[in-house]
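Results of the structural survey
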Amino acid sequence: MKKLFLLSLIAVLTFGTAKAQDNQTTPANGAKIQFTEMEHNYGTIQKGGNGECKFVFQNTGNEPLILSNVKASCGCTVPTWPKEPIMPGKSNEITVKYNTNNVGGFNKTITVTSNAVDNPRLVLKIKGTVEAGATTTPQPEK
């Protein structure tokens, strides 16, 4: 009787573990999103300089990819993204514009929400330092 109980217990544990592993696999069908980079480092830029960067991505799945929302962590960062579906195998980009009138270091995030089966919500990052430009003193006219 103990052997039967022990064999039953082993069978249940083995089946349960295999079932749990099956649930952890990524679905084979659906839209999938893959970025060429997840973080952009501006380095040091001058106040009022170009604060624009682009995050290029591809739909590596087999169904159209739809970005439902792209939201920055603050109002100093403005993302622009494609509203139309991105077909399988096609690429597109999210443009991010940081307000470089804010002097000092920055570290901001952009949250991307989509119908991607592998990663429906992911976070992109931008960072850098904005330096105040050299101030010039007006010269008196001669």
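See the structure shown above.
Residues numbered from 1 in each chain as written. Predicted model: local features only at pLDDT ≥ 70, side-chain atom pairs only at ≥ 80, totals over all residues. Heavy atoms only, no water.

Here we have four strands laid out as an open sheet, ordered β2-β8-β7-β4, and mixed in their pairing. Only two strands of the sheet have a single partner each, and these edge strands are β2 (39-46) and β4 (67-72). Taken pair by pair, the neighbouring strands of this sheet meet at an average axis angle of 15 degrees, ignoring direction. Bridge analysis of strand β7 (residues 104-114) against strand β8 (residues 121-131) gives ten bridges, and the strand direction is antiparallel. Across the sheet, the residue bridging to V112 is L122, located in β8. (Pairing = 2+ DSSP bridges. Helix = DSSP H or I, 4+ residues; strand = E, 2+ residues; numbered from the N terminus. Axes fitted to C-alpha atoms, helices over the stretch in contact; angles between N-to-C directions.)

The next subject is the state of the cysteines. Overall, the coordinates contain one disulfide when judged by the stated rule. For C74, the disulfide goes to C76, at an S-S distance of 2.3 Å. Because the torsion about its S-S bond is -50 degrees, the bridge between C74 and C76 counts as left-handed. Overall, C76 belongs to the buried group, its relative accessible area being 14%. (Disulfide = S-S within 2.5 Å. Buried < 20%, exposed > 50% of the residue type's maximum accessible area, 1.4 Å probe, protein only.)

Moving on, we get to the sheet that holds strand β1 (residues 33-35). Across the sheet, which stays open at both edges, the four strands sit in the order β1-β3-β6-β5 with antiparallel pairing between neighbours. Of all strands in the sheet, those with a lone pairing partner are β1 and β5 (77-80), marking the two edges. With strand direction ignored, the average angle separating the axes of adjacent strands in the sheet is 25 degrees. Pairing analysis gives four bridges linking β5 to strand β6 (residues 91-98), with the strands arranged antiparallel. Within β6, the position partnered with P79 by the bridge is V96.

The next thing to look at is the pattern of salt bridges. By the definition in use, this model includes three salt bridges. One salt bridge in this structure joins E39 and K127, with 3.1 Å as the shortest N-O distance. Placement of E39 in strand β2 and of K127 in strand β8 is noted, with a sequence separation of 88 residues between them. A salt bridge links K54 to E52, with the shortest nitrogen-to-oxygen separation between them at 3.5 Å. (Salt bridge = Lys/Arg side-chain N within 4 Å of Asp/Glu carboxyl O.)

What follows concerns the side chain of S114. As for its placement among the helices and strands, S114 is situated in strand β7. At a separation of 3.2 Å, a polar atom in the side chain of S114 contacts the main-chain amide nitrogen of A116. When near neighbours in sequence (up to four residues on either side) are disregarded, S114 contacts L65, I66, L67, S68, N119 and P120. (Polar contact = N/O pair within 3.5 Å; in protein donor to acceptor, adjacent residues only side chain to side chain. Contact = heavy atoms within 4.5 Å.)

A few words now on the packing of aromatic side chains. Applying the stated criterion across every chain, the model contains three aromatic pairs. Plain terms: the ring middles of F35 and F57 are 5.4 Å apart, the flat faces sit at 50 degrees to each other, and that makes the pair tilted. Taken together, the residues F35 in strand β1 and F57 in strand β3 (residues 52-59) connect sequence positions 22 residues apart. With respect to burial, F35 and F57 carry one shared label: buried. One aromatic cluster is present, formed by Y42, Y98 and F106 through successive ring pairs. It is K83 that lies over the ring of W81; its NZ or CZ is 3.7 Å from the centre. (Phe/Tyr/Trp six-rings, centres within 6.5 Å; stacked < 30°, edge-to-face > 60°. Lys NZ or Arg CZ within 6 Å of the ring centre and 35° of its normal.)

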